[in-house]
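So the chains spell out like this:
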Amino acid sequence: MLRLYDSRLSGNSWKIRILLSQLGLAYDRVTLDLQKGETRESAFRQISRFSRVPVLVLDDGRPIVESGAILLHLAQGTPYLPDDPYPRAEVTGWLFFEQADLQKAIAVPRVLHLHGLAHERQQDIERLQAEGYAGLEKLEQWLLGHAWLVGDHYTVADLALSAYVSLAGQGGYDMARFAGIREWLVRVHGQRGWVPLIPEDGQAARR
Ligand SMILES: N[C@@H](CCC(=O)N[C@@H](CS)C(=O)NCC(=O)O)C(=O)O
């Protein structure tokens, strides 16, 4: 059985839970408490070379780290990842863009807001938001002319980017200015098998 190490509010881990649900794959879920430093415990560091979630442990015990790598591995041979090398490279390109231009710029302000540190770290938040808004503007421009990030249907590119983009409001981002992104998020969240970040609160991920 697959085993997913995650944490409750981790957007990177959420991406994996969405795809596992969409693929109908059963898995054991091990939810770590980041506040208690559980990602830094030595037993977990044997599994996760970067001391971070998500980690997917395969049936044969081999771990895969990094959300993008896990998504690409799981999506191989499914409609969520094109077989053709060119569109496949486009999917990969969006995954790199998410990590470089959006993920940290959204995740760090979000964590600071969730932990009540937004006021004292306002300068850091503004610097990260300037980067994040630049990335969001590029995404918006693409989505004003395209329904999906690659080709004519939903792929793991849409899945991967939608996770943190849909959580940006929790990091103090004003998403009202991005009509293309908002409409795309509605399409993404309507995909069969999509699951909210917190199962007991279907609305949380949409805020
Ligand atoms: N690039 C990594 C980022 C993973 C990451 O930042 N994970 C966070 C939670 S979302 C984490 O485990 N942090 C460990 C900690 O704060 O102790 C990925 O996409 O998987």
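Residues numbered from 1 in each chain as written. Predicted model: local features only at pLDDT ≥ 70, side-chain atom pairs only at ≥ 80, totals over all residues. Heavy atoms only, no water.

Labelled according to an unreviewed UniProt entry, the chain appears under the name Glutathione S-transferase, originating from Variovorax paradoxus. We quote the UniProt Sequence similarities (unreviewed entry) comment for the chain here in full: "Belongs to the GST superfamily." (UniProt positions renumbered as here; feature names shortened; annotations may be inferred.)

Some points on the side chain of Glu 140
Note that Glu 140 resides in helix H5 (residues 122-145). Here Glu 140 is buried and forms no salt bridge, its nearest opposite-charge partner Arg 182 lying at an N-O distance of 7.0 Å. Within the structure, the side chain of Glu 140 is placed 3.2 Å from the backbone nitrogen of Ala 179, a separation counted as a polar contact. Ignoring sequence-local partners within four residues, the contact set of Glu 140 consists of Arg 177, Phe 178, Ala 179, Gly 180 and Ile 181. (Helix = DSSP H or I, 4+ residues; strand = E, 2+ residues; numbered from the N terminus. Buried < 20%, exposed > 50% of the residue type's maximum accessible area, 1.4 Å probe, protein only. Lys, Arg positive; Asp, Glu negative; His and termini not counted. Salt bridge = Lys/Arg side-chain N within 4 Å of Asp/Glu carboxyl O. Polar contact = N/O pair within 3.5 Å; in protein donor to acceptor, adjacent residues only side chain to side chain. Contact = heavy atoms within 4.5 Å.)

A short note on the packing of helix H1 (residues 11-23) against helix H6 (residues 156-167)
In helix packing, the relevant descriptors are the interaxial angle and the interaxial distance, both defined with respect to the helix axes. Look at H1 against H6: their axes get within 9 Å of each other, and the N-to-C directions meet at 135°. In terms of orientation, H1 and H6 fall into the oblique class. For the pair H1 and H6, the sense of crossing is right-handed. Where H1 approaches H6, its residues Gly 11, Asn 12, Trp 14, Lys 15, Ile 18, Leu 19 and Gln 22 are matched on the opposing element by Val 156, Leu 159, Ala 160, Ala 163, Tyr 164, Ser 166 and Leu 167. (Axes fitted to C-alpha atoms, helices over the stretch in contact; angles between N-to-C directions. Parallel < 35°, antiparallel > 145°, perpendicular 65-115°, else oblique. Left-handed = near helix turned anticlockwise from the far one by under 90°.)

What to know about the UniProt feature "domain: GST N-terminal" (unreviewed entry) in the chain
This chain's UniProt record puts "domain: GST N-terminal" (unreviewed entry) on residues 1-82. In the segment residues 1-82, helix accounts for 34% and strand for 22%; the C-alpha atoms at its two ends are 26 Å apart.

Description of the site of the ligand
Surveying the vicinity of the ligand reveals 13 residues, the closest of which are Thr 39, Val 53, Glu 66, Ser 67 and Gln 99. The backbone of Val 53 places a nitrogen or oxygen atom 2.8 Å from a nitrogen atom of the ligand. Glu 66 places a side-chain nitrogen or oxygen 2.7 Å from a nitrogen atom of the ligand. Protein coverage of the free-state accessible area of the ligand, which is 510 Å², stands at 80%. Residues belonging to the shell around the ligand are distributed by class as follows: four nonpolar, six polar and three charged. (Near = heavy atom within 4 Å. Areas by Shrake-Rupley, 256 points an atom, 1.4 Å probe, with all protein chains shown as cover. Nonpolar A, V, L, I, M, F, W, Y, C, P; charged D, E, K, R; others polar.)

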